[in-house]
Protein chains: 4
Amino acid sequence: VSSPSVPEVRVLAINTGGTIGMTPDSQNVLAPKANALVKRLQKLPMLHDEVYAEKTGLYERYGDKTLVLPKSKCNKRVIYSVQDYSPLLDSSNMTPEDWARIGKDIEKNYEDYEGFVILHGTDTMAYTASALSFMCENLGKPIVLTGSQVPIYELRNDGRDNLLGALLIAGQFGVPEVCLYFYNKLYRGNRTTKFDSGSFDAFSSPNLAPLATSEADVTINWDIVWRDTSMDKFRVSTEMNRNVGLLRLFPGITAATVKAFLQEPMEGVVLETFGSGNAPDNQPDLLVELKAATDRGVIIVNCTQCLRGTVSMSYATGKVLMDAGLISGGDMTPEASLSKLSYVLAKTGLDRDAQKKMMVENLRGEKVTDLGGVKLQLRDS
Amino acid sequence: VSSPSVPEVRVLAINTGGTIGMTPDSQNVLAPKANALVKRLQKLPMLHDEVYAEKTGLYERYGDKTLVLPKSKCNKRVIYSVQDYSPLLDSSNMTPEDWARIGKDIEKNYEDYEGFVILHGTDTMAYTASALSFMCENLGKPIVLTGSQVPIYELRNDGRDNLLGALLIAGQFGVPEVCLYFYNKLYRGNRTTKFDSGSFDAFSSPNLAPLATSEADVTINWDIVWRDTSMDKFRVSTEMNRNVGLLRLFPGITAATVKAFLQEPMEGVVLETFGSGNAPDNQPDLLVELKAATDRGVIIVNCTQCLRGTVSMSYATGKVLMDAGLISGGDMTPEASLSKLSYVLAKTGLDRDAQKKMMVENLRGEKVTDLGGVKLQLRDS
Amino acid sequence: VSSPSVPEVRVLAINTGGTIGMTPDSQNVLAPKANALVKRLQKLPMLHDEVYAEKTGLYERYGDKTLVLPKSKCNKRVIYSVQDYSPLLDSSNMTPEDWARIGKDIEKNYEDYEGFVILHGTDTMAYTASALSFMCENLGKPIVLTGSQVPIYELRNDGRDNLLGALLIAGQFGVPEVCLYFYNKLYRGNRTTKFDSGSFDAFSSPNLAPLATSEADVTINWDIVWRDTSMDKFRVSTEMNRNVGLLRLFPGITAATVKAFLQEPMEGVVLETFGSGNAPDNQPDLLVELKAATDRGVIIVNCTQCLRGTVSMSYATGKVLMDAGLISGGDMTPEASLSKLSYVLAKTGLDRDAQKKMMVENLRGEKVTDLGGVKLQLRDS
Amino acid sequence: VSSPSVPEVRVLAINTGGTIGMTPDSQNVLAPKANALVKRLQKLPMLHDEVYAEKTGLYERYGDKTLVLPKSKCNKRVIYSVQDYSPLLDSSNMTPEDWARIGKDIEKNYEDYEGFVILHGTDTMAYTASALSFMCENLGKPIVLTGSQVPIYELRNDGRDNLLGALLIAGQFGVPEVCLYFYNKLYRGNRTTKFDSGSFDAFSSPNLAPLATSEADVTINWDIVWRDTSMDKFRVSTEMNRNVGLLRLFPGITAATVKAFLQEPMEGVVLETFGSGNAPDNQPDLLVELKAATDRGVIIVNCTQCLRGTVSMSYATGKVLMDAGLISGGDMTPEASLSKLSYVLAKTGLDRDAQKKMMVENLRGEKVTDLGGVKLQLRDS
């Protein structure tokens, strides 16, 4: 056994499940399969260097489920240990409890690794990335979620490149954010949404440019990387309020439907409104239900159902929502708004007004704070 | 009064309201203003040729609220009469009754015009376009919805160009569809969604290429233009079932929330699922609620919450929804699915199974019929 | 005559010619027509407010060919005087003498206006914008080039919106650069290229994000706006060396062709190479010709023929060009490189080495200075 | 040795050189290295299945430099034999002789393989793809060019996926064209250009949609696939005229430069003009040189220097080129025009007029034949 000749960096890869590690069952339906991923990775030379592993006693040093990438351009070795969840989860089955578990696992291992990669199904990855961004307080290391549209066992797949890129970024570049890496782009996690169910280019962050592109070169847009300025110690706040929901407006929605959705025990709702934050202003009964809910303490956040854009209050139909006690979600995604609500409502030390204030603030780069003001200055005509 | 020297074509422009004709009220909140639009248009030389109007006795021939475009490249004159709704509607306030009204107005005037332009707020324009596409049976003339992001009274605005382009297309090119025209592109109406709340380029049809681009030249993609092959007479079916809704899944959604949403009198629901049609398969109580609803006759259509893509059944988490009685929405938008449900459920002559069959069929180009089959053949790896 | 009630800003609009003001001649071929533009503009209410003009004695104050925009969102009046070139020029006919004339006209009027709009044909607009950016030293006011794909006399055209947007930006926002405004985007002039001959969206700046977007709102990306830090007085350096050229490599190019192109009196050449700056390294006779030229003082700048990207020296086929005495153009466009050569070679007070150094430096934001270094640090693998 | 259990298809992979197989030399400059590629591929499990190879006696059957892909989704085995050129070529060094060699190698092996993959440097791949498309007459099998931006020996690279995708398409889908495959898209070869020197997404075909996308699924756009309707036997016409060149117009270009470029032995020139085919019409000496050249039989093809678009004749500055004897290149790329010239001028059985006619015709889908006419009909205004 010889000493490593180049610096090693360690990454913890938490495999929660998802398409990347799925295999078809007997009826040809894709499902997660326990322990299959590490075995598969060990056979892929771009994701594991067995010669190096044996030469340096990798398994003795870090355990069986540890792998090592070939030497990188930065002349480093990324060592990564895979922690499989059991059972593996399809991301459609993810709940706030699962988010908390991931958070706890990161907290427990925070000091031992340079960065973290979370393997996750694509379906709810944007929700989990958003939730983790709020749960992780005073974060100083990269947490990179990734996955794939096609399982890594298939001949053509996007899993190899997504995993490789995520590991290199988590291990070598100190972007201290909860990120999402997909198809050679790095996004801020709480800005993402899955916008294409069938393409390798499945994610986008409609209201923020990517944090980095990783093609022939890795180019990080440091100007927009979020840095926590607090001096406090990293901690994961896993309390999440479950009584939250997402309701999309549609023409003809009735007061009865809104009332049913807002009923107890609901405490926080993201209302996906029309355009830049509009709702019917000619349905008093509907507005009455919204007002009744906010009066009894439900926080209702106004987000647009458009992929891109922000809510404002320049239309009569937007103003009535403000009057009904809703607060503006600005340019937050519904995914970020929902998990932020869940996080903020769990801050039981705060009263509702303090929680509302928190919802409006920019906590983790999830929204533009003062867009309205800036834009008004810039409007020309 | 002299005779027109070039051919005239007539278009009916129904002004339902929306940003295009809005003006700021005393508190600087935008609101629709009655009768303001025609007056504004009369002063815009690219939208009205007063000299021609007077020379040819236009107002005597067609009434006060009629305007005429300057001569077009095709050497025609587009004459358009504006019918203002009263009160004008913010599109956030549109309901199925309003869709029906538009439909009736088209039906009434069908023989007298070459085509129809519907001025409409952008917020719910995609819903209305979808609804009209189903309501209009055996359509043989263009119906073009348009509007703007910035009111036409403002110095810089997109309303002038959107209206002008829509009028030229409705009057001169026989695209026999319900279309949506915006920022120099023509889309199939039931394929559209408002994807950007703040840009002039506000609409897209994620799963279908535009029907036409209209820049230096108008280029129509005739290969994909939908043509009704029926020999039956045009009619508008204005019966729409109001007991329909749109529910977006989110991680942590409870059976109680789903149950509350599905409760009577709900008869049809579009379920916006994760990715390519997935939902939790580890929450039996939630699946029980879905199954109970479909068992009592509620039609639940599985659509993806991704902007682009289609639902399929290749994941365990997708299969459970099929087992719970949901039907696949394929690559339909939620907007199209919802209005199609409303249309189909109003076909009281049909039983539920026939209605379900109709939901799965491609009625107006709103979905790809046999995508699954075609794609399976083409998959390589 | 009453006093203006809102602040007025003055813009000089220099109409050099181009499609925007063209009309079809008797054979239906488009050609510029003298004095037609102002008359046309006076009839377009979004480009001229005749009531205001008369009320405030505009023509007495500023002359016949002065127009005034309606009041803008910023509550200002943009007054613009049109100076028509005679004869009007198709931009295909533009030469360095014409660039110098524009520069001189700006210099002469620099103190009297807030900003400048140059109406110009699209065909060579990127060349002229680049040239002006170098000729204008210590610039502190906006110079905005614009034009259109379709003449303003046509029913549907992009000229109205391009001119209106350019005037508002030149008059109201202090972007102290030579810019190009087209289809609602503001670009740095020396970064642009005409990349689409048939679309309204005709320009792009492939290696730099737009300086501003101007849709429902004007959003200026102040982070990348270039500011001249010199305290020196604005001046226009109109000396341009004419002995420059642009040569695109192609497979099979012969030494004879290269020699013929490089022959006297050529003093500076932009060589459009393959990929990231490559040329054949197995054609010694061709390299001999390049070396002979650089040896006798010809400056040859290596630019890529790809629309986007930069030249580097990491391939054997790139290194031979360095050995032959070429200098790297980095990520400059061919348009910017050519006009920069013309500008730098006219600095007769400098020797060739000083001129070469200037070519490599970033003078007006036309290139990234130290891209190589930065990127190498960031490369991961 | 056991018999193959699934159908096998054979592909010939001709490795001409290029980045995909490069390794850094002692000075860290990238250069091709003989015989390195096959050895590298044998170690990549997605590109070679050694178990299958040994079990089925692959090397005995097809030779040492043969590899086999894992079983594909179509349930086939793609067997591919690699033929390395010696020396390997940087694509910057490619000449018409090299194109001919590739053509001859395809012709020789035409009957023995289902399809052909050409590994090629990216720098001139669009030129070679264009040339091959003309040289290959009556083609009935796929010829797919590919390569990579990053060498396959590097940790992160695009070579693995590009090669894998190209092999699967060449072996399994009968697209009977010379294609270019890059970053999950299949393009018609003679429509492509390298438009980004630094991105994995390096190619585009600006005037034609991709023939196929290959992400989670392979979707072939059969509507636009070109099919040779001739019943004649496949043949490769390797005669290429070398006396051709590419000249890009720039403002200030002199008659002397044009004359020097057009001098003997030049027989065909692609003139990259401004916008939709324009050149100065106020420089009689320059036009005289063009006219003199066409009069003595030089074919000059008018192509736009814009990435996208077509040449037309609607401007005075475009008309003069027609008068000078130039022919329109329509929407052909410069790369396609140049290699088509080289091909057509080598048809020594044809006189110049017949050759000119051929240049204007659509031979291999490289241009739209009758765009002008179609568009004129569609223009509205």
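Please read all numbers here as calculations on a predicted model, not as lab measurements. (Residues numbered from 1 in each chain as written. Chains lettered and ligands numbered in written order. Predicted model: local features only at pLDDT ≥ 70, side-chain atom pairs only at ≥ 80, totals over all residues. Heavy atoms only, no water.)

A. Spotlight on the interface of chain B and chain A. Facing the 63 residues of chain B at the interface are 63 residues of chain A. Buried area between chain B and chain A, summed over both chains or domains, comes out near 5100 Å², and the portion from carbon and sulfur atoms is 54%. There are six salt bridges connecting chain B and chain A. Our enumeration of links across chain B and chain A arrives at 26 residue pairs in polar contact (both at pLDDT 80 or more). Breaking the side of chain B that touches chain A down by element, the ones donating at least two residues are helix 4 (96–109), strand 16 (244–248), helix 7 (255–262), helix 9 (316–323) and helix 10 (334–344) of chain B. Counting residues per element, the side of chain B that touches chain A draws most heavily on strand 16 of chain B, which supplies five residues. Class assignment for the residues of the side of chain B that touches chain A results in 27 nonpolar, 21 polar and 15 charged. (Contact = heavy atoms within 4.5 Å. Buried area = accessible area lost by both parts, 1.4 Å probe. Salt bridge = Lys/Arg side-chain N within 4 Å of Asp/Glu carboxyl O. Polar contact = N/O pair within 3.5 Å; in protein donor to acceptor, adjacent residues only side chain to side chain. Helix = DSSP H or I, 4+ residues; strand = E, 2+ residues; numbered from the N terminus. Nonpolar A, V, L, I, M, F, W, Y, C, P; charged D, E, K, R; others polar.)

B. Geometry of helix 9 (residues 316–323) of chain A. Residues and elements named next belong to chain A. Among the residues making up helix 9, those that are buried are Thr-317, Gly-318, Val-320 and Leu-321. Taken down its axis, helix 9 places every buried residue within 155° of arc, on the same side. Where helix 9 is buried, its residues touch strand 17 (268–273), helix 8 (284–295) and strand 18 (299–304). Gly-325 sits one or two positions beyond helix 9 and adopts a positive phi of about 95°. (Buried < 20%, exposed > 50% of the residue type's maximum accessible area, 1.4 Å probe, protein only. Arc of directions from axis to C-beta.)

C. Spatial organisation of the pattern of salt bridges. This model, assessed by the stated rule, comprises 84 salt bridges over all chains. The salt bridge involving Lys-73 of chain C is made with Glu-154 of chain B; its shortest N-O contact spans 2.6 Å. On the criterion of chain membership, the pair formed by Lys-73 of chain C in the loop between strand 4 (66–68) and strand 5 (77–84) and Glu-154 of chain B in the loop between strand 8 (143–146) and helix 6 (159–172) is interchain, its members lying in two chains. The exposure class assigned to Lys-73 of chain C is partly exposed, which follows from its relative accessible area of 36%. Glu-154 of chain B sits in the buried class, given a relative accessible area of 7%.

D. Spatial organisation of the relation of the copies chain A and chain D. Under the fitted operation, chain A is carried onto chain D by 0.0 Å of movement along the axis and a turn of 180°, and the coordinates agree to an RMSD of 0.0 Å. Read as a symmetry element, the transformation amounts to a two-fold axis. It is Leu-44 of chain A whose C-alpha, among those of chain A, lies nearest the rotation axis, at 3.6 Å. Mapped onto chain D, 100% of the interface residues of chain A are again interface residues, and the two copies thus contact each other with one and the same surface. (Least-squares fit on C-alpha atoms with pLDDT ≥ 70 in both.)

E. Representation of the packing of helix 10 (residues 334–345) of chain C against helix 11 (residues 352–360) of chain C within the structure. All names here are of chain C. Look at helix 10 against helix 11: their axes get within 10 Å of each other, and the N-to-C directions meet at 150°. As helix 10 packs across helix 11, the resulting crossing turns out to be right-handed. Counted together, Ser-337, Lys-340, Leu-341, Tyr-343, Val-344 and Leu-345 of helix 10 and Arg-352, Gln-355, Met-358 and Met-359 of helix 11 form the full contact between these two elements. When the residues that make up the contact of helix 10 with helix 11 are grouped by side-chain class, the tally is six nonpolar, two polar and two charged. (Axes fitted to C-alpha atoms, helices over the stretch in contact; angles between N-to-C directions. Left-handed = near helix turned anticlockwise from the far one by under 90°.)

F. Region of the structure containing the confidence of the model for chain A. Residue and element names in this part refer to chain A. Across chain A, the average pLDDT comes to 93, with 96% of residues at 70 or higher. Note on residues 371–381: pLDDT under 50 across the span, and 29 contacts to partners over four residues away in sequence or across chains. Model confidence for the complex is summarised by a pTM of 0.95, with the ipTM given as 0.94. (pLDDT = per-residue confidence, 0-100.)

G. Seen up close, the interface of chain A and chain D. Each partner contributes to the interface: chain A provides 28 residues, whereas chain D provides 28 residues. Carbon and sulfur atoms supply 53% of the area buried between chain A and chain D, which totals about 2300 Å² over both sides. Of all residues in chain A, the largest losses of buried area upon contact with chain D belong to Leu-155, Arg-156 and Glu-215 of chain A, amounting jointly to 31% of the total for that side. Across the contact surface, chain A and chain D share four salt bridges. Of the charged contacts, one joins Arg-160 of chain A and Asp-161 of chain D as a salt bridge, the two residues approaching to 3.5 Å between their closest N and O atoms. Taken together, the links from chain A to chain D amount to 15 residue pairs in polar contact (both at pLDDT 80 or more). Looking at the side of chain A that touches chain D, the element that brings in the most residues is helix 6 (residues 159–172) of chain A, giving five residues. When its residues are assigned to classes, the side of chain A that touches chain D shows 13 nonpolar, six polar and nine charged.

H. Layout of the packing of aromatic side chains. All chains considered together, the criterion is met by 30 aromatic pairs over all chains. Each residue in the set Tyr-110, Tyr-113, Phe-116 and Phe-234 of chain A is aromatic and connected to the rest through ring pairs, giving one cluster. Above the ring of Tyr-52 of chain D, the side-chain terminus of Arg-77 of chain D is found at 4.0 Å from the ring centroid. Over the ring of Tyr-85 of chain D we find Arg-101 of chain D, and its NZ or CZ is 3.5 Å from the ring centre. (Phe/Tyr/Trp six-rings, centres within 6.5 Å; stacked < 30°, edge-to-face > 60°. Lys NZ or Arg CZ within 6 Å of the ring centre and 35° of its normal.)

I. Spotlight on the relation of the copies chain B and chain A. At an RMSD of 0.0 Å, chain B and chain A line up after a rotation of 180° and a shift of 0.0 Å along the axis. Of the residues that chain B buries at the interface, 100% are likewise interface residues in chain A, meaning the two copies contact each other through the same surface.

J. Focus on the nonpolar core. Leu-290 of chain A, Leu-290 of chain B, Leu-290 of chain C together with Leu-290 of chain D are the most contacted members of the largest nonpolar core, which totals 304 residues. Setting aside chain neighbours within four positions, we find Leu-290 of chain D in contact with Val-258, Leu-262, Leu-271, Ile-300, Leu-321, Ala-324 and Leu-326 of chain D. (Core = buried A, V, L, I, M, F, W, Y, C linked by side-chain atoms within 4.5 Å.)

K. Region of interest: the sheet that holds strand 14 (residues 218–220) of chain B. Residues and elements named next belong to chain B. Pairing is mixed in the open sheet, where nine strands are placed in the order 4-5-1-6-8-9-10-13-14. What marks the edges here is a single partner per strand, and that holds for strand 4 (66–68) and strand 14. Along the sheet, successive strands turn relative to each other by an average axial angle of 25°, direction set aside. By the bridge criterion, four bridges tie strand 9 (residues 178–182) to strand 10 (residues 185–188) in an arrangement that is antiparallel. When the sheet's bridge partners are listed, Phe-182 is paired in strand 10 with Lys-185. (Pairing = 2+ DSSP bridges.)

L. Representation of helix 6 (residues 159–172) of chain C in the model. Helix length check: helix 6 of chain C, at 14 residues, gives a terminal C-alpha distance of 20 Å against a target of 20 Å (1.5 Å per residue), a fit within 8%. Across the 14 residues that make up helix 6 of chain C, a large majority, 13, are buried. (Expected span 1.5 Å × (residues − 1).)

M. Inspection of a positive patch on the surface at higher detail. Positive charge collects at one region of the surface, where Lys-33, Lys-39, Arg-40 and Lys-43 of chain A lie side by side. Within the secondary structure layout, Arg-40 of chain A lies in helix 1 (residues 36–42). (Patch = residues over 30% accessible without salt bridge, like charges linked within 9 Å, V, L, I, M, F, W, Y side chains within 5 Å. Areas by Shrake-Rupley, 256 points an atom, 1.4 Å probe, with all protein chains shown as cover. Lys, Arg positive; Asp, Glu negative; His and termini not counted. Charge placed at Lys NZ, Arg CZ, Asp CG, Glu CD.)

N. Expanded view of the environment of Ala-100 of chain C. Residue and element names in this part refer to chain C. When you line up the elements, Ala-100 lands in helix 4 (residues 96–109). With a relative accessible area of 14%, Ala-100 lands in the buried category. As for Ala-100 and Tyr-181, which are separated by 81 residues in sequence, their C-alpha atoms are 21 Å apart. The residues contacting Ala-100, other than those within four sequence positions of it, are Met-135 and Thr-238.

O. Representation of unusual backbone geometry in the model. Residue and element names in this part refer to chain A. The linkage connecting Ser-86 with the following residue, Pro-87, adopts the cis geometry, with an omega of 0°. Within the secondary structure, Pro-87 sits in the loop between strand 5 (77–84) and helix 4 (96–109). Unlike most non-glycine residues, Asn-184 shows phi in positive territory, near 70°. Mapped onto the secondary structure, Asn-184 falls in the loop between strand 9 (178–182) and strand 10 (185–188).

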